[in-house]
Structures are given as structure tokens and as C-alpha cells.
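A look at the structure
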Amino acid sequence: TPETKAATPPKSGEIPPTRWEKAVMSLNSIVTQVAKIDPDGVDVVCFPGSGGEGGLGYDIYRNIQDATGLEDLVTAVEPRGKCHMGETMDAVLKEAFARGFDETPTSVLVLTAGCPDDSEKLTETLREAARKVRKDSDLTVTFVQVGDDEDAEDYLAFLDTQLTTTGADGKEIDIV
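Residues numbered from 1 in each chain as written. Predicted model: local features only at pLDDT ≥ 70, side-chain atom pairs only at ≥ 80, totals over all residues. Heavy atoms only, no water.

**Regarding the overall build of the protein**
We apply this condition: Per the convention used, a helix needs a DSSP run of H or I reaching at least four residues, while a strand needs a run of E reaching at least two, with both numbered from the N terminus. Only C-alpha atoms enter the radius of gyration; for comparison, a globular chain is expected to reach 2.2 Å times N to the power 0.38, where N is the number of residues. Per-residue accessibility, obtained with a 1.4 Å probe over protein chains only, is compared with the maximum for each type, and a residue is labelled buried under 20%, exposed over 50%, and partly exposed between these values. Whether two residues are in contact is decided by their heavy atoms, any of which lying within 4.5 Å being enough. Methods summary: accessible areas were calculated by the Shrake-Rupley approach with a probe of 1.4 Å, and residue burial reflects only the protein chains presented. Only four residue types enter the tally: Lys and Arg on the positive side, Asp and Glu on the negative side; His and the chain ends are excluded. Where a charge lies is defined by one atom per residue type: Lys uses NZ, Arg uses CZ, Asp uses CG and Glu uses CD.
Scanning the protein from terminus to terminus reveals five helices and six strands. From first element to last, N terminus to C terminus, the protein shows the α and β order α-β-β-α-α-β-α-β-α-β-β. For a compact globule of 176 residues, the expected C-alpha radius of gyration is about 16 Å, and the protein comes in at 17 Å, within 12% of that figure. Reported as C-alpha extents along the three principal axes, the dimensions of the protein are approximately 55 × 35 × 30 Å. Burial analysis of the protein (176 residues in total) assigns 34% to the buried set. At a minimum sequence separation of 6, the contacts of the protein that also span at least 24 residues come to 67%. As displayed, the protein has an accessible area near 10700 Å², and 48% of this comes from carbon and sulfur atoms. For the protein, the distance from the average site of its 17 positive side-chain charges to the average site of its 34 negative ones is 3 Å.

Pasting the structure below:
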């Protein structure tokens, strides 16, 4: 089993890890655990992109089954500029709906340090996805905040408590 970096408090005189470094450490742990129960592994989507699949908007690394090399993939492009999470989520959810949910439900885990610059787009993308799903177990979107950005905390609280819509069957649904 590949080793993962544990999030440990810094020793005296050491610089504490940044939010980005904490996110990478968390992702390593999550991928290792998920891969134990999902033989296909996980798809990791990072934004902004480097010009590969997804262009400059985002990068997709498919079927990641362990944490080996994951840090290099995720840190290939340093966080910079605007956070267009809505555009990226739209692409991820379109792919999920195209694949369908008959065989396997889709779970999306979002690690974020800040509030998306396109929060209205993200909210509408999530709302539209919830309208399309037939049952709430088909699609789950989970947000994990890394760090203490108050705007991100407020926005994620809004998604958790205020974002409700009606699913394809006419019942209220909560996918976030």
C-alpha cells in the first residue's frame, strides 16, 4: 500500500502547511480509502487546467487507484487566478449524466479553499442537476472546505442549508 502524508502539526520552527498543501494531503488520504472499495479508482479534476483534457479550464486524471504520483498530478498547475468551479462542475456533471446512474451512482467530492468566483453558475449547475436526477442516491456532491475563508464558509453553508429543488420525480431533493 502506498504511503500517504499524514497531516501533522508543524514542529517548532517549521512553517505550517498552506491550505493547498493541506488539500493535497487530504486528497491523498481520500483516494487511498476510496480505491479500496472502488476498483475503477477515482477521477480527479483540478482547475485551472494545463491544456490537457478540459483545456485550460480544468484537468481530468482518470481511474486514480492509489496516491502514488497524485501529488505531482495535482500540483502540476499551481492555484492561480479566478476560481471557476461552476464551469468545471458543469462539465463533471454533464459527463455523469451522459454515463448514467443505472450501474453506479456518482459521488463528487470537492475540496476547496475559497468561494468560487462563479458561485451563481455553480449554484445553478447544482440546482439543474438535482432537477434531473430520478433519486437522490444517484448523485451526491460533497464539499470539504480546507482552511478558514469566511466567504467560502458562508457559501458552503448556503449550499448545505438553502439549496433545495425538485427532482425529476417531483419530490424535494438535496444532492449537496
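**Brief notes about the environment of T75**
Relative to the helices and strands, T75 resides in the loop between α2 (70-74) and α3 (85-99). Accessibility expressed as a relative area gives 25% for T75, which makes it partly exposed. With 51 residues separating them along the chain, T75 and V24 place their C-alpha atoms 8.2 Å apart. What T75 contacts, discounting residues up to four positions off in sequence, is W20 and V24.

**As for a negative patch on the surface**
Which entries qualify depends on this criterion: Think of a patch as exposed residues, more than 30% relative accessible area, with no salt bridge, where like charges cluster within 9 Å and nonpolar side chains (Val, Leu, Ile, Met, Phe, Trp, Tyr) cluster within 5 Å. What makes a salt bridge here is a side-chain nitrogen of Lys or Arg within 4 Å of a carboxyl oxygen of Asp or Glu, nothing more.
Together, D136, D160, D169, E172 and D174 line one region of the surface with negative charge. When you line up the elements, E172 lands in strand β6 (residues 172-173).

**Focus on the packing of aromatic side chains**
Short version of the rule: When two rings of Phe, Tyr or Trp (its six-membered ring) have centres within 6.5 Å they constitute a pair, described as stacked for plane angles under 30 degrees, edge-to-face for angles over 60, and tilted for the intermediate range. Look at NZ for Lys and CZ for Arg. If either is within 6 Å of the ring centre and within 35 degrees of the ring normal, a charge sits over the ring.
Applying the stated rule across the entire model yields two aromatic pairs. Seen in terms of ring centroids, F97 and F101 are 5.1 Å apart; in terms of plane orientation they differ by 85°. Their pairing is edge-to-face. On the basis of relative accessible area, F97 is assigned to the partly exposed category, the value being 24%. K132 extends its terminal NZ or CZ atom over the ring of F97, reaching a point 5.2 Å from the ring centre.

**Thoughts on unusual backbone geometry**
Apart from glycine, the bulk of residues carry a negative phi angle, and the bulk of peptide bonds sit in the trans form. Positive phi, normally seen in glycine, also occurs at N63, with a value near 55°. Given the relative accessible area of 47%, N63 is considered partly exposed.

**Some remarks on the pattern of salt bridges**
Counted by the stated rule, this structure contains nine salt bridges. A salt bridge links D90 to K121; the nearest nitrogen and oxygen atoms lie 3.8 Å apart. Taken together, the positions of D90 in helix α3 and K121 in helix α4 (residues 119-132) put the pair 31 residues apart, joining distant regions of the chain. Across the salt bridge formed by R131 and E124, the nearest N and O atoms sit 3.3 Å from each other. One salt-bridge network, held together by shared partners, links D43, R62, E95 and R99.

Keep in mind that these numbers describe shape and distance, not what the molecule does.
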